[in-house]
Amino acid sequence: MEGFSTLFNLGMKKRIKDSFFITYGIVFPTLLILIVGYMTSNFYSGEEGISSYYYYTMVTIPFCTFLQAVTLIYIAREESNNKCGERFIIAPIGKVSVVLSKIIPSTITITIYNLVLMVICKLVLGVDFRGRMLELLILYFSLGFMSCAIGTFIGLSAKDFMAVKNFVSTPVLIMALLGGSFFPIGSLGKIVETVSNVSPLNWVNRGIFMFLNDGESKTFLIAIVITFILGIFFTIYSVRKFNKEVFL
Amino acid sequence: MGIYLVFKNEFLRSLKSKKKLIITLLIPIMAVIFSMGINSIMKPSISLGVIDNPLGNDFKEKAESIRGVKVKEANEDAINSEMILGKYSAVIELTNDNLFKVKSLDSNFEKPIQNIVDSYVSSGEVKGVEEILDKMEAESLSITERAVGFMVLTLMITSTIVACNLIRDKEEGTLKRFNISPRNRFEYILGVYLYNLLFTFVQISIAIILVSLLPMSIGINTGDFFILGAVISFIASSFGLLIACLSNEELKASLVSSSVAMILALFGGAFIPIGKMPDALQRLSNGSIVKWLIEFTKSAKNGFVSSGDWIPIIIISLMALAGILLSIKTSRRKFA
């Protein structure tokens, strides 16, 4: 863990003012919730606080958090893009420190931006989080951790980085579709319901709605555990696959 | 000649990395086929949840004899989330006052279903469901329109990735060298554009051929689908070129293309029919090229019976050409 605290501080400073994190962590989801929520306002009666803004807030925050995996692919190789890879190779910094200094600051930043987004949705759109903002933040932290770990894993370990990096958004979009991020898919039948289980966003969205609207926390906890375990798995794999030479 | 040379160079460059070429070619095809598969099973339907089956099996049998209607026993503990996630259009339960109460998140849906239930209680017949299904059918997007909407969204993103060769060429200094040659920069831009256009059309063609081999209905004949494919390629490659010309970094281009394409698709009615949007958004949707693509799809399905059917393709052409011209204009700084 040599050099971790220095790299962590540097990572936090960079991420918190990273224009991509701000754009895709706050601006884009806010716009998406506003547009789609307004667009579908005729479909929801708003009874019991379940309005179109409520639905799209609940599904858009996890979707945009998952989408940050794409940003992490580039962050994973930023030393290479900034042409400072040689310094990292010479410096006495451990592999674990380098990998964790990418994943942890990004996860913390995503969680902070998700909190900002929740406050915006609550104050501007009147979205009712049923007093469960802290629990939701824990889930977003876990999902953010998984997204950052997957993005870092792809960025650091892909041999054909140029080919892979461009297509990560496509599976994310498919996962989002299966998770009901664009429209509810519950009416599509048994086959889609079964297939949708492969999407972590399906577990996350289902867990959130069951927790907030039916008071059932089992799926919510499963979603936290699954995303966190996947996050740890991809972090370990990122460390194992990482060679400092990829920064060259 | 310059355009051809750039086109040829793009083609030869793509052949250098076979793995990248296969990924670039196949992933959008898989996404398009997947979206068509999902869309082909999305038909207007009514799924009713019943708690403790208050109306008995007779209601279930009579309702399910109508095509598109399903009656399922609902789990009371997860009823709200299952309605939110769209599993049930409405839920019927017996209240403590011995009344049959219908609950739905869509107020436009609640009343008609309540009327059907009340009518069943008094007459023993399930009446009025067909009218609701017909109305839903008329108001919803057809399979082809949905498929076309998702195809253009996917290909707008992947076309940008192909057009990002321009950003890489700028970083490697190729554009600077081209600029001091006797060739004009618009030849380079058009060469990249033509390669992207052809590549996208090949992707769509493969997807159409594969879909036509699968037992999947897409609601349009293969010939017309190829025409739609050509229009989608035209839109997607123009969009990709514009984003690549406006962006300095690949990451920026990739993320901007995903978000702008999604917003255009949303405004254009690719997910939600324009007729069901609030008035202000209906007017705003005229600015989205995806709306005109969906209008063109309707015209193609109807067989271009009136002269007005050609208006969408004229608007699409003008918008796409404007995108190409803007790309050429804004590419000046890339060649500096």
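To start, this report covers the structure provided alongside it.

Topic: empty space enclosed by the protein
Think of a ball as big as a water molecule: rolled over the atoms, this probe shows where empty space is left.
Residues and elements named next belong to chain A.
Here is step 1: Evaluation of the coordinates by the stated rule reveals 9 cavities of 30 Å³ or more.
Here is step 2: The calculated volume of the largest cavity comes to roughly 150 Å³.
Here is step 3: Counted by class, the lining of the largest cavity contains 6 nonpolar, 6 polar and 4 charged residues.
Here is step 4: If you go around the second largest cavity, the residues you meet are L7, L10, G11, K14, R15, E78, E79, F88, V98, S101 and K102.
Here is step 5: Those elements that place two or more of their residues in the lining of the second largest cavity are helix 1 (4-16), helix 4 (78-81) and helix 6 (95-125).
Here is step 6: Counting residues per element, the lining of the second largest cavity draws most heavily on helix 1, which supplies 5 residues.
Here is step 7: A per-class count over the lining of the second largest cavity returns 4 nonpolar, 2 polar and 5 charged.

Overview of the sheet that holds strand 3 (residues 90-94) of chain B
Residues and elements named next belong to chain B.
Here is step 1: Ordered in space as 2-1-3-4, the 4 strands form an open sheet in which the pairing is mixed. Whereas interior strands pair on both sides, the edge strands pair on one side only; in this sheet they are strand 2 (69-73) and strand 4 (100-103). Neighbour-to-neighbour, the strand axes of this sheet turn through a mean angle of 25°, independent of strand direction.
Here is step 2: Where strand 1 (residues 46-50) and strand 2 come together, 5 bridges link them in parallel fashion. Across the sheet, the residue bridging to S47 is K70, located in strand 2.
Here is step 3: The strands touched by helix 3 (residues 56-64) are strand 1, strand 2 and strand 3; relative to strand 2, the strand with the most contacts, the crossing angle is about 150°.
Here is step 4: Strand contacts of helix 6 (residues 129-139): strand 1 and strand 2, with the helix running at about 130° to strand 1, the strand carrying the most contacts.

Some thoughts on helix 10 (residues 185-213) of chain B
It helps to recall that an α-helix has 3.6 residues per turn; residues three or four apart then point in one direction.
Here is step 1: An ideal rise of 1.5 Å per residue puts 42 Å on 29 residues; helix 10 of chain B measures up with 43 Å between its terminal C-alpha atoms.
Here is step 2: Here helix 10 of chain B starts with a cap whose side-chain oxygen sits 3.1 Å from the backbone nitrogen of B:F186, and that cap is B:N184.

Describing the packing of helix 11 (residues 222-246) of chain B against helix 14 (residues 289-302) of chain B
Residues and elements named next belong to chain B.
Here is step 1: Close contact between helix 11 and helix 14 brings their axes to 11 Å; oriented N to C, the two are set at 165°. The angle between helix 11 and helix 14 places the two elements in the roughly antiparallel class. Considering the relative orientation of helix 11 and helix 14, their crossing is right-handed. Packed against helix 11, whose contacting residues are D224, I227, L228, V231, I232 and I235, the element helix 14 presents I289, L293, F296, T297 and A300 at the interface.
Here is step 2: Of the residues belonging to the contact of helix 11 with helix 14, the class tally is 9 nonpolar, 1 polar and 1 charged.

What counts as what
Residues numbered from 1 in each chain as written. Chains lettered and ligands numbered in written order. Predicted model: local features only at pLDDT ≥ 70, side-chain atom pairs only at ≥ 80, totals over all residues. Heavy atoms only, no water. 1 Å grid on protein atoms, 1.4 Å probe; cavity = no way out; pocket = protein on both sides within 12 Å on 5 of 7 lines; lining within 4 Å. Points joined across faces, edges and corners; volume = space filled by probe spheres on them. Nonpolar A, V, L, I, M, F, W, Y, C, P; charged D, E, K, R; others polar. Helix = DSSP H or I, 4+ residues; strand = E, 2+ residues; numbered from the N terminus. Pairing = 2+ DSSP bridges. Axes fitted to C-alpha atoms, helices over the stretch in contact; angles between N-to-C directions. Contact = heavy atoms within 4.5 Å. Expected span 1.5 Å × (residues − 1). Polar contact = N/O pair within 3.5 Å; in protein donor to acceptor, adjacent residues only side chain to side chain. Parallel < 35°, antiparallel > 145°, perpendicular 65-115°, else oblique. Left-handed = near helix turned anticlockwise from the far one by under 90°.

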